Amino acid sequence: MATMNMLQAIRDALDLKMADDDNVVVFGEDVGYFGGVFRATDGLQKKYGKNRVFDAPISELGIIGAAVGMGAYGLRPVPEIQFADYILPAYDQIASEAARLRYRSSGEFFAPITIRTPCGGGIYGGQTHSQSPEALFTHVAGLKVVMPSNPYDAKGLLISSIEDDDPVIFFEPKRIYNGPFDGHHDRPVVPWSKHPASEVPEGLYRVPIGKAAVALEGSELTILAYGTMVHVAIAAAQESGINAEVIDLRTLLPLDEETIVASVKKTGRCIVLHEATQTSGFGAELATIVQEHCFYHLEAPILRVAGYDTPYPHAQEWDYFPGPARVIDAMREILETA
């Protein structure tokens, strides 16, 4: 089976769906002739033409507003927001229009749009190219929020997202576009070709939206993570020798509560891990769900490991980034709690 990095898997998913469905269109800033700032759409304009893969003005509100209209008229647009940091100008169109269209029209219209956007840090992007705003969208009824952690899931989840009749925010952790990053920035980059999840089948296949995966089985504690942090959690478990279970959420909305609850009831301890700012981050929702469903199984308080409540720094990026050392400290703390 061929191996792919995440960019290749995303491009393959777009290519297959554009070939499969003439209603699928791709557009955004520099996605056409240039192929995207990360080259995720490289070659698609040449193959499908400028009417189906085209560049948009630097107006995120306009990009998403146009996509809502396209969806209402029968297309399946896949707009790209070049960096997740710049999705906020489009927030009103996403939250007030795309997410509400099916409800406000009693099902007469809907918005089958998939908004792709690179997120997260670890690339020395500073405060304006490193943010993780996923929690802002999990609060909006009517949206689906997806964040894959590997090429296999990226392709399968993107195909499922494009085929979905509801609007999907498809976050792509850019630090793992080319390889699984375990948080050790001072070590050589490991390519995806050496990771089993880089084996990507040819043709169309689907990873279901709303289903988590057990990335690492264990019995002493549960770590709930998504995106880049899945690899950080696995590295922390392996380096510490602690028998941790790592759950890759894959989809934040809808959330696979069944897998989460089953794991925490088994281990009795839970750490929530994400790169985004801690206060009001998605980890708070995860901690609440665990407390509601697993309270009598918990042997220690739920711990959060997350980004600090500051803008994403440039000079101190690796102090901010929740790496294996911070996760290991939390693992040891939670195991020492009676």
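The shown structure was predicted, so the numbers you read here are calculated from the model rather than taken from an experiment. (Residues numbered from 1 in each chain as written. Predicted model: local features only at pLDDT ≥ 70, side-chain atom pairs only at ≥ 80, totals over all residues. Heavy atoms only, no water.)

A. View of the pairing of strand 1 (residues 24-28). Among the five residues that make up strand 1, five are buried, leaving the element largely enclosed by the rest of the structure. In strand 1, alternate side chains face the same way, and those of V24, V26 and G28 on one face and V25 and F27 on the other are all buried. Examined bridge by bridge, strand 1 and strand 3 (residues 76-80) share five bridges and lie parallel to one another. If you follow G28 over to strand 3, its bridge partner there is E80. Pairing analysis gives three bridges linking strand 1 to strand 2 (residues 53-55), with the strands arranged parallel. Pairing of F27 across the sheet is with F54, part of strand 2. (Buried < 20%, exposed > 50% of the residue type's maximum accessible area, 1.4 Å probe, protein only. Helix = DSSP H or I, 4+ residues; strand = E, 2+ residues; numbered from the N terminus. Pairing = 2+ DSSP bridges.)

B. Fine view of helix 7 (residues 151-163). With 13 residues, helix 7 extends 19 Å between its outermost C-alpha atoms, agreeing within 8% with the 18 Å of an ideal straight helix rising 1.5 Å per residue. Buried residues of helix 7: P151, D153, A154, K155, G156, L157, L158, I159, S160, S161 and I162, and no others. Here helix 7 starts with a cap whose side-chain oxygen sits 3.2 Å from the backbone nitrogen of Y152, and that cap is N150. (Expected span 1.5 Å × (residues − 1). Polar contact = N/O pair within 3.5 Å; in protein donor to acceptor, adjacent residues only side chain to side chain.)

C. How the structure looks around the side chain of E245. As for its position among the elements, E245 is in strand 9 (residues 244-248). The exposure class assigned to E245 is buried, which follows from its relative accessible area of 4%. Separated by 3.2 Å, the side chain of E245 and the backbone nitrogen of G218 make a polar contact. At 2.5 Å, the side chain of E245 forms a polar contact with the side chain of K266. Here E245 is in contact with V214, L216, E217, G218, L221, T222, I223, S263 and K266, once residues within four sequence places are set aside. (Contact = heavy atoms within 4.5 Å.)

D. Expanded view of the sheet that holds strand 9. Across the sheet, which stays open at both edges, the five strands sit in the order 7-9-8-11-12 with mixed pairing between neighbours. Unpaired on one side and paired on the other, strand 7 (213-216) and strand 12 (303-307) mark the two borders of the sheet. Sheet twist, expressed as the average angle between the axes of neighbouring strands with direction ignored, equals 25°. Alignment of strand 8 (residues 221-225) against strand 9, held across five bridges, turns out to be parallel. (Axes fitted to C-alpha atoms, helices over the stretch in contact; angles between N-to-C directions.)

E. Region of interest: the pattern of salt bridges. Taken as a whole and assessed by the stated rule, the structure comprises 17 salt bridges. Within this structure, K17, D20, E163 and R206 form a network of salt bridges that share partners. (Salt bridge = Lys/Arg side-chain N within 4 Å of Asp/Glu carboxyl O.)

F. Fine view of the environment of E172. Structurally, the position occupied by E172 is in strand 6 (residues 168-173). The exposure class of E172 is buried, given its relative accessible area of 0%. As for E172 and A84, which are separated by 88 residues in sequence, their C-alpha atoms are 9.0 Å apart. Once residues lying within four places of it in the same chain are set aside, the contact partners of E172 are I10, R116, T117, P118, C119 and Y177.

G. Representation of the nonpolar core. One finds L14, L221, I223, I271, L273, V327 and M331 to be the most contacted residues of the largest nonpolar core, which totals 58 residues. The contacts of I271, once residues within four sequence positions are left out, are L221, T222, I223, L224, L303, V305, A330, M331 and I334. Core analysis: the second largest hydrophobic core is formed by 45 residues, A111, L252, C270 and L286 among them. (Core = buried A, V, L, I, M, F, W, Y, C linked by side-chain atoms within 4.5 Å.)

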